[in-house]
Amino acid sequence: FTSAEEAARKEVKRQYAESHPKKVEAKDGRFYIDGNPFYFRATHFGGEYPLTGHPSTDKNWWRKMMRTIKEWGLNGIRFHSYCPPEAAFAVADEEDIALLVECGMWNHFEDTPNGQEMWEVLKYETRKILENFGHHPSFVFFSPSNEPGGAWHQPLRRWVSESKEYDEQLGYGGRRIYTAQSGWPFEVPAAEVEGMDFIYFHRSGFGPLVGGNIRNHQGWNGKDFSVSIEGVKMPVVCHELGQTCAYPNYDIIDKFTGYLQPGNYKVFKECARANGVLPYADEFVKCSGENQLRIYKEELEANFRTPEIQGFEMLDLHDYLGQGTALVGILDAFWENKGYGDPVLFRNNCSDTVLLTRCSSYVWKNTDSTVIPVEVCHYGKEDIKDAVIQWKLTDKDAVLMAGELAVDFIPRGGNTAAGNISLNFAQNKESKELTLMLTLEKGNVKSTNSWKLYVFAKAEEVALPNENFVYTRDWEEAKSGLEAGKKVVFIPYLSEFFYGFLMVFMSPMGKIE
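Criteria and thresholds
Residues numbered from 1 in each chain as written. Predicted model: local features only at pLDDT ≥ 70, side-chain atom pairs only at ≥ 80, totals over all residues. Heavy atoms only, no water. Axes fitted to C-alpha atoms, helices over the stretch in contact; angles between N-to-C directions. Helix = DSSP H or I, 4+ residues; strand = E, 2+ residues; numbered from the N terminus. Parallel < 35°, antiparallel > 145°, perpendicular 65-115°, else oblique. Left-handed = near helix turned anticlockwise from the far one by under 90°. Contact = heavy atoms within 4.5 Å. Nonpolar A, V, L, I, M, F, W, Y, C, P; charged D, E, K, R; others polar. Buried < 20%, exposed > 50% of the residue type's maximum accessible area, 1.4 Å probe, protein only. Pairing = 2+ DSSP bridges.

(A) Representation of the packing of helix α2 (residues 59-71) against helix α3 (residues 86-95) in the model. It is at 9 Å that the axes of α2 and α3 come closest, and there the two elements cross at 45°. The orientation of α2 with respect to α3, classified from their angle, is oblique. The chirality of how α2 crosses α3 is right-handed. Two secondary-structure elements touch here, α2 through Lys59, Trp62, Arg63, Met66, Arg67 and Lys70 and α3 through Ala87, Ala88, Ala90, Val91, Ala92, Glu94 and Glu95. Of the residues assigned to the contact of α2 with α3, the class counts are seven nonpolar, no polar and six charged.

What follows is the structure, encoded as C-alpha cells:
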C-alpha cells in the first residue's frame, strides 16, 4: 500500500473501533466485558482446513462455524498458535463470539543473545496482529504462544507489558486482556503469579493434586480444583480441557474431497475389517461417543464448580486433525454432528446458567442415604430473585422422591449455594438406574440438568463351585491353582501393575497420517 492508502486503512479501523466500543477487564478474579461478568466457554481451533489447506476468507464459512458452536452453548474460540483472517474477526463481531488469539508461535524463549532473534519475530508478529485486527471488539484475549519452551517466564511477562503499551499507542487500549502464555504452569504458585491479566494453563504445578491439575478426574464426582489454585488473584482459564476420544466414524472418509487424504481413517477401517469387528463400527461410535459425552459433562461441571476458574477451552468440540488422529470432538472434522450428541442436552451443562451438584458418587447401595449439595453457576444478563429449583428422583417415568429448593437471590458472576437434597435409596428393592433432575425457571432463565444414579441391591452369597475352583487377588495362589489343574479367577489390584492412560492421538496408532 502507498502511505496514503495505509493512512486511509488506519482511519477506517479507527472509525470502526469508535463505533464498536469494547471494555474488557480482569478484576477481583473475574472477567468483565462492558461491565458484565463473563465466563469464557470456548472450543479449540488449530487451523485445520481439510478441503483447501488454507484459512477460509469466506464470511459464510465462519458464520456457519460460529453459529454451530453457539448451538452447543459455547461463546468463544481459542486459536491454537495462529491468528485467523479478517473474515473470522468480522463474523465474530456480528455473532458476539469472544476470540482468544495467539501469535503464530510455539517456540523457545529466553533472555539471552540466542533468544533475541525469536523475541524479534514475536514482537513483529504481535504488532502486525494488533495493527490489523486490534479494532475488532471480538478480539478479547491475547496470548503470545502455546506451551513455550526455554526460560520463558521473564521475556513473556515483558511481552505482556510491551504489547499492552503498543495497544494503547494504536488507540485500542482496554479492548482486550493479556496472558503471558498458553498451557504451562509458572515457577511460583498461582497466588503469586504476576505480570499479566489472567492465567491460562491446565495445571499449576502446586497443591495436593498431581501436577496441580485443573482438569481431569480429580475434580469429578462433585469435587473442584480450588486446591490447585488456592489464593489466586486473577481469573484462570483451563487450557485444552477434555481430549476424550471416540471411535472413528468411517462415513467421514467420503467427505475428504480436497487436498487432504483420510489415510488414517482408511488404515483404521481395514484394521477393523481384518479383526472381524467392522460390522460393529456403528455401535463402537455410539458407545464410545456416549462415554465421551459423560466425561465432558464431568469436566465442564468440575470447572463450573471451581470459583477461581472463569473459563475453559475444550479440546475440542470438533475432531482435531493437527496432531495425528485426535477424535476428541462431538462434531467431526467438518464441524458436523457425528450422531450421538444432542446440542440441547449438551447446553444443560454448558450455558450461561448451569445447575450443579456436589454428588460424591453415582453408585450406591439400596441401604445407603446421602445428602447432595446443590449450587448454581450463573453468568446470565441479570440477577435472579426469588428462585425455586425443582428436583426429582425418578425410575423411568415413576417419581420416587421430589422437592424444591428456594433461593432468595442468585447474583450473576459466580456460584450460589442453593441448599441440599436428602436421598434415601431403601425403597429400591432391586438394582436400578435412577435419574436425579434439577430444573430452574425464572423469567428468561430456563435451566435443567440431570445425573444418572446407579443403586444396587445386596447380592446373594454365591458359594464357590467346588474345591477345584480358585478366586484370588494373589498371583502366587493363582499360579499354584493353575499348576494344580484348577479353574482360576485371578483379579489383581490395579495398583500392582505398572500402567498408564495415554490419549489415543498421542499413541503410535494415533500418529498414523
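Having seen the structure, we can now continue with the description.
(B) Geometry of α3. Counting buried positions over the 10 residues of α3 gives eight, a clear majority of the element. Among the residues of α3, Ala87, Ala88, Phe89, Ala90, Val91, Ala92, Asp93 and Glu95 are the ones counted as buried. Those residues of α3 that are buried lie in contact with α1 (3-19), α2, β6 (98-102), α4 (113-133) and β7 (139-143).

(C) Geometry of the environment of Ile384. Within the secondary structure, Ile384 is located in strand β15 (residues 384-395). Taking the C-alpha atoms as reference points, Ile384 and Val462, 78 residues apart in sequence, are found 55 Å from one another. Leaving out residues up to four positions away in the same chain, Ile384 has contacts with His378, Asp408, Phe409, Ile410, Leu440, Lys442 and Val445.

(D) The pairing of strand β19 (residues 445-456), seen in detail. Side chains Val445, Ser447, Asn449, Trp451, Leu453 and Val455 of β19 all project onto a buried face; the interleaved residues Lys446, Thr448, Ser450, Lys452, Tyr454 and Phe456 project onto a face where none is buried. Summarising the sheet, strand β13 (residues 363-365) and β19 pair through three bridges and their orientation is parallel. Looking at the pairing, Lys365 lines up with Phe456 of β19. Alignment of strand β18 (residues 432-442) against β19, held across 11 bridges, turns out to be antiparallel. Residue pairing for β19: Met437 is matched across the bridge by Ser450. Where β18 hands over to β19, the hairpin turn is made up of two residues, of which Gly443 adopts a positive phi near 60°.

Read these as layout, nothing more, since geometry by itself doesn't imply function.
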